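Structural overview
Here are the chains, one letter per residue:
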Amino acid sequence: MSQNEKVAGTQMMFLLVTTVAATGFLFLPAITAEVAGHDGWMSALLGATAFGLLVGLVCTKLGGYFPDKSFVEYAPVLVGKYPGKLVGLAYLLFFIHINSIIIREFGDFLVSAFLPETPILVFNIMVLTLAAMAVRGGIEVIARVNQFVFPQFFLVLAALVFLTIEEWEFGNLLPLLEYGIKPVLAGSVTPSAWRGEVVVILMFLPYLNKPAEAAKSVAAAVLIIAVFLTLPILAGVLVFGSEQEAHFVFPTLELARYVNVGDFLQRLEAIIIIVWVAGITVKVAVFYLASVLSASHLVGLSDYRPLVYPVGIITLVYSIVLFDNSRELVKFLAEYVPYYAYIFELGIPMVLLVIAIIRRKGGKLSGQTKFFQKDRGS
Amino acid sequence: MIVLLGLVFLAIIAFEVPGMLKKQQWRELAAFSVLMLIAMALSFAQLLGLPVPNPTPVIEAIFEPVSEAVKKLLS
């Protein structure tokens with residue numbers, strides 16, 4: 001296996017932060033405001049973080065049993081050759097599907113907010129071509145691109161949130177838990193699925209230079225994401241109130257339009273594009289790499305690079321075909337994606353973790369050597 | 001448009017295949033060919049307006065009951 005590439009724990013952490021937060025900060029506020037009202041920030045801060053930590057814990061624990069293999073490689077070892085390959089195939093399709101949805105979100109936002117006359121295909125091709133180049137470079141390249149992108153992302157988001165500070169109306173948050181805890185839980189359904197995207201770590205664990213730090217990096221990433229995704233929701237409710245927030249398609253964009261410092265610093269929405277394009281490119285590259293790696297590990301290739309373009313074209317076609325319009329996309333994100341994603345983010349890894357623990361402790365497989373021998377044979 | 005798409009595919013094949021032949025990576029070549037065929041089938045079908053298998057309605061149908069149940073439980 002050509003897994004000589006290594007990334008540091010902190011690089012992986014920031015990569016995961018960009019991966020999850022890049023789309024979440026634009027799409028989540030409207031969804032949580034609609035379901036949880038002015039308590040939406042609690043949904044994003046508490047429920048989703050708990051879920052994200054659980055996903056991170058399960059994935060890193062599972063990966064810890066096979067430190068130099070990816071999920072798709074060790075699944076056949078755990079559950080038998082054909083069921084394992086089936087699981088691998090399911091994850092390949094899952095990654096491609098999620099990536100198509102991400103690319104669609106990217107194009108949809110640019111078309112609906114800034115460039116309504118341009119065909120969405122143009123944006124999708126652009127981001128996919130950029131990501132393809134990054135993916136051919138490998139995970140080290142993506143991690144370094146992200147080291148450049150992340151600070152901009154952080155600064156722009158911080159500027160958006162804190163330049164509106166004059167308009168904050170803390171009364172908008174009261175009363176806390178007006179309708180009890182249920183709407184907060186209902187509101188955390190979608191943010192949880194978003195946070196659960198840290199599941200891509202399953203494919204990247206072998207690339208960490210210190211596997212022992214994996215759990216710490218993922219947990220730190222989930223906590224940083226919690227801040228990143230809660231602040232825009234909180235700022236949106238503080239400025240607009242939850243009722244108005246729920247009516248915007250992209251509350252964070254409206255927030256940027258609202259920024260006005262001394263009649264001088266205005267119309268900051270253009271800088272949202274900086275974050276959006278840069279962040280999405282990294283996010284798409286991460287999921288793209290995950291799907292290409294799954295495909296190549298599924299059939300046991302030593303080099304994944306030849307698969308980059310074919311997988312990209314399949315992703316591109318689906319980014320167009322999946323939804324007819326923006327509304328359909330948002331409805332799908334809010335109502336169906338979470339439950340579908342839970343299965344892949346928590347369900348399957350949890351089942352495999354239980355199997356790994358049982359088979360280890362039951363002593364049917366005598367340690368690591370047997371795992372490797374069995375794998376060589378397949 | 002169809003010609004353009006065909007050219008793109010030809011370019012990708014011309015770009016990838018010689019390297020694999022030189023290194024005798026037959027497994028890679030096989031995987032590349034299968035994925036490339038799927039990609040070509042899907043994109044030509046989309047371009048010509050033929051039906052492309054779409055997972056969205058399937059996923060919606062499967063998770064509709066779950067979504068409704070959770071909504072009812074938490075409202």
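The present account deals with the structure reproduced in this document. (Residues numbered from 1 in each chain as written. Chains lettered and ligands numbered in written order. Predicted model: local features only at pLDDT ≥ 70, side-chain atom pairs only at ≥ 80, totals over all residues. Heavy atoms only, no water.)

Looking at the overall build of chain B
Within chain B one finds 3 helices and 0 strands. Overall, chain B shows an N-to-C arrangement of helices and strands of α-α-α. The C-alpha atoms of chain B give a radius of gyration of 20 Å, which is well past the 11 Å a tight globule of 75 residues would have. Considering only C-alpha atoms, chain B reaches an extent of 60 × 30 × 15 Å along its principal axes. For chain B, buried positions account for 29% of its 75 residues. Summed over its atoms, the accessible surface of chain B is roughly 4900 Å², and 76% of this surface lies on carbon and sulfur atoms. (Helix = DSSP H or I, 4+ residues; strand = E, 2+ residues; numbered from the N terminus. Rg over C-alpha atoms; globule rule 2.2 N^0.38 Å. Buried < 20%, exposed > 50% of the residue type's maximum accessible area, 1.4 Å probe, protein only. Areas by Shrake-Rupley, 256 points an atom, 1.4 Å probe, with all protein chains shown as cover.)

As for the interface of chain A and chain B
Taken residue by residue, the interface counts 32 residues in chain A and 34 residues in chain B. Carbon and sulfur atoms supply 72% of the area buried between chain A and chain B, which totals about 2900 Å² over both sides. The tally of links from chain A across to chain B stands at 1 salt bridge. Put simply, chain A and chain B have 11 residue pairs in polar contact (both at pLDDT 80 or more) between them. Counting residues per element, the ones that place at least two in the side of chain A that touches chain B are helix H7 (182–187), helix H14 (308–321) and helix H15 (326–362) of chain A. The biggest single contributor to the side of chain A that touches chain B is H14 of chain A, with 9 residues. Its residues assigned to classes, the side of chain A that touches chain B comprises 24 nonpolar, 3 polar and 5 charged. (Contact = heavy atoms within 4.5 Å. Buried area = accessible area lost by both parts, 1.4 Å probe. Salt bridge = Lys/Arg side-chain N within 4 Å of Asp/Glu carboxyl O. Polar contact = N/O pair within 3.5 Å; in protein donor to acceptor, adjacent residues only side chain to side chain. Nonpolar A, V, L, I, M, F, W, Y, C, P; charged D, E, K, R; others polar.)

Focus on a nonpolar patch on the surface
A cluster of nonpolar side chains, Leu-121 and Ile-125 of chain A together with Met-1, Ile-2, Val-3, Leu-4, Leu-7, Leu-10, Leu-47, Leu-48 and Leu-50 of chain B, forms an exposed patch at the surface whose accessible area comes to about 1100 Å². Elements supplying a minimum of two residues to the nonpolar patch: helix H5 (120–137) of chain A together with helix H1 (2–22) of chain B. Counting residues per element, the nonpolar patch draws most heavily on H1 of chain B, at 5 residues. Taking relative accessible area as the criterion, Met-1 of chain B reaches 65% and is therefore assigned exposed. (Patch = residues over 30% accessible without salt bridge, like charges linked within 9 Å, V, L, I, M, F, W, Y side chains within 5 Å.)

Quick look at the packing of H14 of chain A against helix H2 (residues 26–47) of chain B
When two helices pack together, their arrangement is given by the angle between the helix axes and the distance between those axes. At a closest axis distance of 8 Å, the pairing of H14 of chain A and H2 of chain B adopts a crossing angle of 25 degrees. Taken together, H14 of chain A and H2 of chain B sit at an angle that is classed as roughly parallel. When the axes of H14 of chain A and H2 of chain B are compared, the crossing they make is left-handed. Side by side, H14 of chain A and H2 of chain B meet where Pro-310, Val-311, Ile-313, Ile-314, Val-317, Tyr-318, Ile-320 and Val-321 of chain A of the first sit next to Phe-32, Leu-35, Met-36, Ile-38, Ala-39, Leu-42, Ser-43 and Gln-46 of chain B of the second. (Axes fitted to C-alpha atoms, helices over the stretch in contact; angles between N-to-C directions. Parallel < 35°, antiparallel > 145°, perpendicular 65-115°, else oblique. Left-handed = near helix turned anticlockwise from the far one by under 90°.)

Thoughts on the environment of Lys-22 of chain B
Residue and element names in this part refer to chain B. Mapped onto the elements, Lys-22 comes out in helix H1. According to the relative accessible area criterion, Lys-22 is exposed, its value standing at 75%. Between the alpha carbons of Lys-22 and Ile-38 there is a distance of 24 Å; along the sequence they are 16 residues apart.

Here's the deal with H14 of chain A
Residues and elements named next belong to chain A. With 14 residues, H14 should reach 20 Å at 1.5 Å per residue; the first-to-last C-alpha distance of 20 Å fits that figure. The element H14 is largely enclosed, with a buried count of 12 among its 14 residues. Buried residues of H14: Val-308, Pro-310, Val-311, Gly-312, Ile-313, Ile-314, Thr-315, Leu-316, Val-317, Tyr-318, Ser-319 and Val-321, and no others. (Expected span 1.5 Å × (residues − 1).)

Observations concerning the packing of helix H10 (residues 214–240) of chain A against helix H12 (residues 251–258) of chain A
Residues and elements named next belong to chain A. For the pair H10 and H12, interaxial distance at closest approach is 10 Å and the crossing angle is 60 degrees. When the axis of H10 is compared with that of H12, the two are oblique. When you trace H10 past H12, the crossing you get is left-handed. In this structure, H10 uses Pro-232, Ala-235, Gly-236, Val-239 and Phe-240 to contact H12, whose residues at the interface are Pro-251, Thr-252, Glu-254, Leu-255 and Tyr-258. Residues belonging to the contact of H10 with H12 are distributed by class as follows: 7 nonpolar, 2 polar and 1 charged.

Overview of the packing of aromatic side chains
Evaluated as defined, the whole model comprises 34 aromatic pairs over all chains. Ring geometry for Phe-154 of chain A against Phe-228 of chain A: centres 5.9 Å apart, planes inclined by 35 degrees, an arrangement best described as tilted. Highlighted residues: Phe-154 of chain A in helix H6 (residues 139–162) and Phe-228 of chain A in helix H10, separated in sequence by 74 residues. Overall, Phe-154 of chain A belongs to the partly exposed group, its relative accessible area being 42%. For the ring pair Phe-9 of chain B and Phe-44 of chain B, a centre distance of 5.9 Å and an interplane angle of 40 degrees mean the geometry is tilted. Taken together, the residues Phe-9 of chain B in helix H1 and Phe-44 of chain B in helix H2 connect sequence positions 35 residues apart. Of the residues examined, Phe-44 of chain B reaches a relative accessible area of 23% and is grouped as partly exposed. Members of the aromatic cluster, joined through ring pairs, are Phe-14, Phe-25, Phe-27, Phe-106, Phe-109, Phe-114, Phe-150, Phe-153, Phe-154, Phe-228, Phe-250 and Trp-276 of chain A. (Phe/Tyr/Trp six-rings, centres within 6.5 Å; stacked < 30°, edge-to-face > 60°.)

Some points on H12 of chain A
All of the buried residues along H12 of chain A are Pro-251, Thr-252, Leu-253, Leu-255 and Ala-256 of chain A. In this structure, the buried side of H12 of chain A is in contact with helix H1 (9–36), helix H4 (81–113), H6, H10, helix H11 (242–247) and helix H13 (269–298) of chain A.

A short note on the side chain of Ser-217 of chain A
The topology assignment puts Ser-217 of chain A in helix H10. In terms of polar contacts, Ser-217 of chain A uses its side chain to reach the backbone carbonyl oxygen of Gly-9 of chain A, at 3.4 Å.

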